[in-house]
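Analysis of the macromolecular model
These are the residues of each chain, in order.
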Amino acid sequence: MIELKNITKNYKVGKKTINALDNVSLSVHKGEIYGVIGYSGAGKSTLIRCINLLETPTEGEVFVDGIKLNDLNKNDLQQTRQKIGMIFQGYNLLTTATVYDNVAIPLKLAGLSKDLIQQRVKKYLEIVGLSDRASAFPAQLSGGQKQRVAIARALSHEPEILLSDEATSALDPTTTESILDLLLEINQELGLTIFLITHELSVIQRLCDRVAVMQDGQIVEQGPVVDVFTQPRSTITKTFVQDSAKYKLPAKFLQTLPEEGVLIHCTFVGISSTKPALAHVATTFGVVPNIIAGGIDQFKNESVGNLLVHLEGEPDKVIAAINYLSGQGIIVKKEGEING
Ligand code: ADP
């Protein structure tokens, strides 16, 4: 659906050249939600703007639905852009126009008939849950409602792809949840392909099928979300995982643990109650598992369980127990290896 091949983008600032994107390649399948995560300055905004050629890549090729955008003339590019909707952190609404007109005016500019415009505005305001606010002005809406108008406006052109540029970054956690739910609904019910950029791991976890992690204009890691975030390889991905880690144990508590043994993080992908692995470890390997903390992360397609466990026992028995747990498909990391 979207294919970026060896995209490089340089900006000239005075005598300096800023390499915002450095040989980035990725492909997004039809109907999936693909996320790019990275800290500020990583190149995410530049990348998303290359997809609809709001930024022209210095080098590389952009394909949307098999069409090479770089080769298109202005008119054809405009036509192809109709397939691509976009929403932004700042909503970009017309402040002097009503909710209805914010959706209707761009359709009018695109040359749609009055009837069709009415039909589309009604349909998409209903989908985003704002039918009763059609005559309100943006200043009378909450941040979440403004983003819903922006989503209705993007959808009203009936695009095949929705680009989301930090769409929930300015919203509080509850409103963020409701907008993420809406994006999931749009993806599933309208079959829209969504490409989003964010600096928040939780957004990727909730929405995305696959993810790319960006740093200094490069993709340092990409793959299915559960794989990338349960077994991070690059330092930057580990930092994202670490930043969201729930288990920050007080030093005083750690001092109360028995000296013989180790503290391990166990990650269970696809939670199953059929394998009592820790109980097995206790009876077979002669170690005592003491569960310190635990929780379940809900990814888009998978639940992932996390346990922080102290395994008390002699070193060779602890090693045998860890090997057994790993052999059961549990991802085991000793405390201290988490950032390693
Ligand atoms: P992110 O979205 O991940 O914060 P950006 O794509 O905005 O990253 O920026 C990547 C790099 O490119 C940064 O160093 C930024 O300062 C630079 N950059 C982005 N846009 C421009 C521009 N129009 N002119 C000059 N430098 C830019």
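To start, this report covers the structure provided alongside it. Model, not experiment: these values are computed from the prediction.

The rules behind these values
Residues numbered from 1 in each chain as written. Predicted model: local features only at pLDDT ≥ 70, side-chain atom pairs only at ≥ 80, totals over all residues. Heavy atoms only, no water. Helix = DSSP H or I, 4+ residues; strand = E, 2+ residues; numbered from the N terminus. Buried < 20%, exposed > 50% of the residue type's maximum accessible area, 1.4 Å probe, protein only. Contact = heavy atoms within 4.5 Å. Areas by Shrake-Rupley, 256 points an atom, 1.4 Å probe, with all protein chains shown as cover. Core = buried A, V, L, I, M, F, W, Y, C linked by side-chain atoms within 4.5 Å. Near = heavy atom within 4 Å. Polar contact = N/O pair within 3.5 Å; in protein donor to acceptor, adjacent residues only side chain to side chain. Pairing = 2+ DSSP bridges. Disulfide = S-S within 2.5 Å. Phe/Tyr/Trp six-rings, centres within 6.5 Å; stacked < 30°, edge-to-face > 60°.

1. Details of the overall build of the chain
- Each helix and strand counted, the chain has twelve helices and 14 strands in total.
- Structurally, the chain occupies a C-alpha span of about 75 × 50 × 35 Å along its principal axes.
- Classification of the 340 residues of the chain by burial places 46% in the buried group.
- For the chain, long-range pairs separated by at least 24 residues make up 70% of all intrachain contacts whose partners lie at least 6 apart in sequence.
- If you sum the accessible surface of the chain, you get close to 16,700 Å²; carbon and sulfur atoms cover 50% of it.

2. Some points on the nonpolar core
- Counting 51 residues, the largest nonpolar core has Leu125, Ile151, Leu183 and Phe229 as its most contacted members.
- When neighbours within four sequence positions are excluded, leucine 125 is seen to be in contact with Val99, Tyr100, Val103, Leu130, Ser131, Ala134 and Ala152.
- Formed by 28 residues, the second largest nonpolar core is a distinct cluster that contains Ile2, Ile51, Leu53 and Leu163.

3. Considering the site of the ligand
- All residues in the neighbourhood of the ligand are listed as Tyr11, Val13, Ile18, Ala20, Tyr39, Ser40, Gly41, Ala42, Gly43, Lys44, Ser45 and Thr46.
- The contact in question runs from an oxygen atom of the ligand to an N or O atom on the backbone of glycine 43, over 3.0 Å.
- The contact in question runs from an oxygen atom of the ligand to an N or O atom on the side chain of threonine 46, over 2.5 Å.
- About the coverage of the ligand: the protein hides 62% of its 560 Å² of free accessible area.
- When residues of the shell around the ligand are traced back to their parent elements, those giving at least two are β1 (2–13), β2 (16–28) and α1 (44–51).

4. Side note on the side chain of histidine 310
- The topology assignment puts histidine 310 in strand β13 (residues 303–312).
- Relative accessible area serves as the criterion here: at 4%, histidine 310 is assigned to the buried category.
- Those residues within four positions of histidine 310 in sequence are excluded, and the remaining contacts are Leu257, Pro258, Glu260, Gly261, Val262, Leu263, Val288, Pro289, Asn290 and Ile292.

5. So, the sheet that holds β1
- Read across the sheet, four strands follow the order β2-β1-β4-β5 without closing on themselves; strand pairing throughout is antiparallel. The sheet is open, and its two borders are formed by β2 and β5 (67–68), each paired with just one other strand.
- Bridge count for β1 against strand β4 (residues 59–64) is five bridges, and the pairing is antiparallel. For lysine 5, the partnering residue across the bridge sits in β4 and is glutamate 61.

6. What about the state of the cysteines?
- Evaluation of the coordinates by the stated rule reveals zero disulfides.
- Just so you know, cysteine 50 is unpaired, no disulfide at all, and the nearest cysteine sulfur is the one on cysteine 208, 19 Å from it.
- Here cysteine 50 falls in the buried class, since its relative accessible area comes to 0%.

7. Side note on unusual backbone geometry
- Positive phi outside glycine occurs at asparagine 23, with the angle close to 60°.
- Mapped onto the fold, asparagine 23 is located in strand β2.
- Judged by relative accessible area, asparagine 23 falls into the partly exposed class, the value being 47%.
- Look at tyrosine 91: it is not a glycine, yet its phi comes out positive at around 65°.
- Within the secondary structure, tyrosine 91 is located in the loop between β6 (84–88) and α3 (99–109).
- For tyrosine 91, a relative accessible area of 12% gives the class buried.

8. Here we look at the side chain of threonine 237
- Tracing the backbone shows threonine 237 in helix α9 (residues 235–243).
- For threonine 237, a relative accessible area of 0% gives the class buried.

9. A word on the environment of isoleucine 236
- Along the chain, the position of isoleucine 236 falls in helix α9.
- With relative accessibility at 9%, the residue isoleucine 236 sits in the buried group.
- With 22 residues separating them along the chain, isoleucine 236 and methionine 214 place their C-alpha atoms 8.4 Å apart.
- Every residue in contact with isoleucine 236, bar those within four places of it in the chain, is listed here: Tyr39, Val213, Gln215 and Val220.

10. Description of the packing of aromatic side chains
- For the coordinates displayed, the defined rule picks out three aromatic pairs.
- Judged by centre distance (5.9 Å) and plane angle (0°), the ring pair of tyrosine 34 and phenylalanine 195 falls under stacked. Of the two residues, tyrosine 34 is situated in strand β3 (residues 33–37) and phenylalanine 195 in strand β8 (residues 193–198); the sequence distance between them amounts to 161 residues. Taken individually, tyrosine 34 and phenylalanine 195 each receive the classification buried, so the pair is uniform in this respect.
- Plain terms: the ring middles of tyrosine 39 and phenylalanine 240 are 4.3 Å apart, the flat faces sit at 10° to each other, and that makes the pair stacked. With tyrosine 39 in the loop between β3 and α1 and phenylalanine 240 in helix α9, this residue pair connects regions lying 201 residues apart in the sequence.
- Take tyrosine 39: its relative accessible area is 30%, and that puts it in the partly exposed class.
- For phenylalanine 240, a relative accessible area of 4% puts it in the buried group.

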